Amino acid sequence: MHLIVDALASRLGINMSGDRNGFQGQGTVTIGESMVSLHLYKSKSLMNVSGPSIAAACRQTVQSPTSMIVISDSLSHKVETMHARLGGSANGHNGVKSIISALRNDMNFHRFRIGIGRDDTDAATYVLRKLSSHERQFWTTDKGLDLILSEIEKVALKV
């Protein structure tokens, strides 16, 4: 879901810079009616083993997992939908399992599960495919980004 982080950075004017573990950027931005200090992070690791770098970034920036949002794909949700929630299990998502493990089993972080749907092919093959051009456009332009920004504002107001 790196493309969503890239689109957020572009839209909000946050410059991303890289180090050996990932790319990050920070800015105080207006989302909806709220001023929000937003830290964006993209791990260079594959999602299934990204937990250690994401946990390290969390400790260096927001410090508490309850202030962190993880954006991940979801086979359980329809294409172009998003399900937001705080806490809970990994629902079989190996990347989220890696993050929970690296946070010493703390599951109390926000998850934005981006629906990618599912077909009859093998699940591993399906999740590794490239998103369709329609899906990429949806999540990187107004409609999808507005949905994500609305949920980020809700999280910011709670924290």
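Scroll up to find the structure.
Residues numbered from 1 in each chain as written. Predicted model: local features only at pLDDT ≥ 70, side-chain atom pairs only at ≥ 80, totals over all residues. Heavy atoms only, no water.

A. Expanded view of the packing of aromatic side chains. For the structure on display, the rule yields 1 aromatic pair. Judged by centre distance (4.8 Å) and plane angle (90°), the rings of Phe138 and Trp139 are edge-to-face. Classification of Phe138 as buried rests on a relative accessible area of 10%. If you follow Lys42 out to its NZ or CZ, it ends over the ring of Phe23, 5.2 Å from the centre. Between Arg111 and the ring centre of Phe109, over which it is positioned, the NZ or CZ distance is 4.2 Å. (Phe/Tyr/Trp six-rings, centres within 6.5 Å; stacked < 30°, edge-to-face > 60°. Buried < 20%, exposed > 50% of the residue type's maximum accessible area, 1.4 Å probe, protein only. Lys NZ or Arg CZ within 6 Å of the ring centre and 35° of its normal.)

B. Structural context of the sheet that holds strand 2 (residues 22-31). Judged by pairing direction, the sheet is antiparallel, and its 3 strands sit side by side in the order 1-2-3 without closing on themselves. Strands with a single pairing partner mark the edges of an open sheet, and in this sheet they are strand 1 (17-18) and strand 3 (34-43). Across 10 bridges, the pairing between strand 2 and strand 3 is antiparallel. Residue pairing across strands places Gln26 opposite His39, the latter belonging to strand 3. The strands touched by helix 1 (residues 2-12) are strand 2 and strand 3; relative to strand 3, the strand with the most contacts, the crossing angle is about 140°. (Pairing = 2+ DSSP bridges. Helix = DSSP H or I, 4+ residues; strand = E, 2+ residues; numbered from the N terminus. Contact = heavy atoms within 4.5 Å. Axes fitted to C-alpha atoms, helices over the stretch in contact; angles between N-to-C directions.)

C. Layout of helix 1. All of the buried residues in helix 1 are Ile4, Val5, Ala7, Leu8, Ala9 and Leu12. Its buried side turned inward, helix 1 meets strand 2, strand 3, strand 4 (69-74), strand 6 (110-115), helix 5 (133-140) and helix 6 (142-158). Just downstream of helix 1 lies Gly13, where phi reads positive at about 70°.

D. Highlighting the side chain of Arg111. Looking at the secondary structure, you find Arg111 in strand 6. Put simply, Arg111 is tucked away with no salt bridge, and the nearest opposite charge, on Asp106, sits 7.4 Å away. Within the structure, Arg111 has its side chain in polar contact with the backbone oxygen of Ser89 (distance 2.9 Å). In this structure the side chain of Arg111 is engaged in a polar contact, spanning 3.2 Å, whose partner is the backbone oxygen of Phe109. Sequence-distant contacts of Arg111, that is, excluding residues within four places in its chain, are made with Val70, His83, Ala84, Arg85, Gly87, Gly88, Ser89, Ala90, Val96 and Ile100. (Lys, Arg positive; Asp, Glu negative; His and termini not counted. Salt bridge = Lys/Arg side-chain N within 4 Å of Asp/Glu carboxyl O. Polar contact = N/O pair within 3.5 Å; in protein donor to acceptor, adjacent residues only side chain to side chain.)

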